[in-house]
Amino acid sequence: MGIIDYLAIFSIALLFLLGTPLSVTFGIGSVVIMLHTMNLPLTNISQIFFSTMSSYPLLAMPFFILAGNLILWGGGMGHLRDFMNRMVGHLPGGMAVAICIFAAFLGSISGSATACLAIIGTIFVPMMAESGYSRAFASGLAVTSAGLGAVIPPSVFMIVFGASNRVSVSDLFAAGVGPGLLAALLMCITSVIISKKRRYRAEAKASFALRMDAFKKASPILFMPVIVLGGIYSGIFSPTQAASVACIYSLFIGIFIYRGINGKIFMNSLVETVRLSSMIYFLVIGGDLFGRVLGYIGVPQMISNTVISLHLGPVAFLIAVQVLLLVMGFFFSSFPMVVIVLPLFLPSVLSLGIDPALYGALAVFCSIIGEVTPPMGPQLWIAAPICKEKIGNIIRESWVFLGVQVFTLMLVTIFPQISLFLVNLLR
């Protein structure tokens, strides 16, 4: 490497510290190294741009984001909230349990932790505060349970990881079901324990007629995961086709059943989808360029050789990677980790005989946890205005639920069939 290469790497570090958008940060330095050291002509670099953008599995991402936005503004969220509350609201900590179930269910619709947080923070946190729950507790639970939306399929993070590294998106989806549902269950149990200890009061028990009425009104939304995930796992359509089906279905129930979608809301959904998708696509492009540079330098091979020299077994390796990712989560946002950091360990994963779907699900889960850990914790900054609570209070209440999620990671690592059972069943 020459002086220009070192200057390019220095510029990447400097731009990162200055808060420059990561797509620009990694893109500029990588293009300089590609031109100077790797001797790639600009035409080849432009082809990399095109090949990254034209990935068929990656096409599912904007469609799932659009489907989530249409569901969010389609008018059915209130009915879904009432259904969850009437089913479990009378139990000790019932509304807290409803948040966890609600988040797990939304994960099978939107695939976005941010969308889940926006819905939960807007709908459930005020309800819990009015029912006597601490707003800080409700906010901490909301921001941590929202992460389940990025683990339980369909997950935008898993689509990006799978499309960028040629790992089956369907397998990644299946591998995320077990860890996501287990985390939701353990968070429900933890919520009940805390609610009993603090003596949060439960809601009045709803009658059978009210429950059936709530189920009837929420059933169009409840049926959506059956269509999307059932179609994927039965082989009727691919994840990308499932995303387009989800958009059509969300638009249909939003217009004709809940009647919450009009021309303005539809355009707002499109604009928000284009904005978020463009940000992710540019980040994926920058990450792909930077990943090729790291591959040229030999970083993945260095990591693989180091792992071999340490004689780590599959479980020890996965635990070591998870600890590293959790520590990095204090300082890095999740998407850069998914695009740039996670692929670095894939050669070692394959050499140790670890199922890449298991690694992808666990690594994505680690990255999502980093969304809530300070000082970066972008979800914390989003949650504060949505939940109308101070960040410090949210952090204080979220640690116990983050601990539950880390405990879930350890369980799945030690007992990988929790994640791989569905993968092996559907392959």
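Okay, so let's go over this structure. Just so it is clear, the structure is predicted and the values come from calculations on it, not from any experiment. (Residues numbered from 1 in each chain as written. Predicted model: local features only at pLDDT ≥ 70, side-chain atom pairs only at ≥ 80, totals over all residues. Heavy atoms only, no water.)

## Topic: unusual backbone geometry
(1) Moving on: A cis amide bond, omega -5 degrees, links Pro153 with the succeeding residue Pro154.
(2) Moving on: Relative to the helices and strands, Pro154 is located in the loop between helix 8 (135–145) and helix 9 (156–165).
(3) Moving on: At Arg166, a position not held by glycine, the phi torsion is positive, near 60 degrees.
(4) Moving on: Of note, Arg259 is a non-glycine position whose phi angle comes to about 55 degrees, a positive value.
(5) Moving on: For Arg259, the position within the fold is in the loop between helix 13 (239–257) and helix 14 (263–297). (Helix = DSSP H or I, 4+ residues; strand = E, 2+ residues; numbered from the N terminus.)

## Some thoughts on the layout of surface pockets
(1) Moving on: Estimates place the volume of the second largest pocket at around 670 Å³.
(2) Moving on: Around the second largest pocket, the lining comprises 23 residues; the ones closest to its centre are Ser164, Asn165, Asp288, Arg292 and Pro343.
(3) Moving on: Secondary-structure elements contributing two or more residues to the lining of the second largest pocket are helix 3 (42–53), helix 9, helix 14, helix 17 (334–341) and helix 18 (346–351).
(4) Moving on: Per-element tally for the lining of the second largest pocket: the top contributor is helix 14, with six residues.
(5) Moving on: In terms of residue class, the lining of the second largest pocket is made up of twelve nonpolar, eight polar and three charged. (1 Å grid on protein atoms, 1.4 Å probe; cavity = no way out; pocket = protein on both sides within 12 Å on 5 of 7 lines; lining within 4 Å. Points joined across faces, edges and corners; volume = space filled by probe spheres on them. Nonpolar A, V, L, I, M, F, W, Y, C, P; charged D, E, K, R; others polar.)

## Considerations on the pattern of salt bridges
(1) Moving on: Applying the stated criterion to the full structure yields four salt bridges.
(2) Moving on: Here Asp213 makes a salt bridge to Lys217, at a shortest N to O gap of 3.4 Å. Here Asp213 pairs with Lys217, and both are found in helix 11 (residues 208–222), just four residues apart, close to one helical turn.
(3) Moving on: The partly exposed category is assigned to Asp213, whose relative accessible area is 31%.
(4) Moving on: Sharing partners across several salt bridges, the network here consists of Arg86, Asp213 and Lys217. (Salt bridge = Lys/Arg side-chain N within 4 Å of Asp/Glu carboxyl O. Buried < 20%, exposed > 50% of the residue type's maximum accessible area, 1.4 Å probe, protein only.)

## Structural notes on the nonpolar core
(1) Moving on: Ranked by size, the top nonpolar core spans 138 residues in total, and within it Met77, Leu80, Phe102, Leu106, Val160, Leu342 and Tyr359 carry the most contacts.
(2) Moving on: No other element matches the twelve residues that helix 10 (residues 169–198) contributes to this core.
(3) Moving on: In this view, Leu80 contacts Phe102, Phe105, Leu106, Ala218, Ile221 and Leu222; residues no more than four positions away in its chain are not counted. (Core = buried A, V, L, I, M, F, W, Y, C linked by side-chain atoms within 4.5 Å. Contact = heavy atoms within 4.5 Å.)

Worth remembering: the numbers are spatial, not functional.
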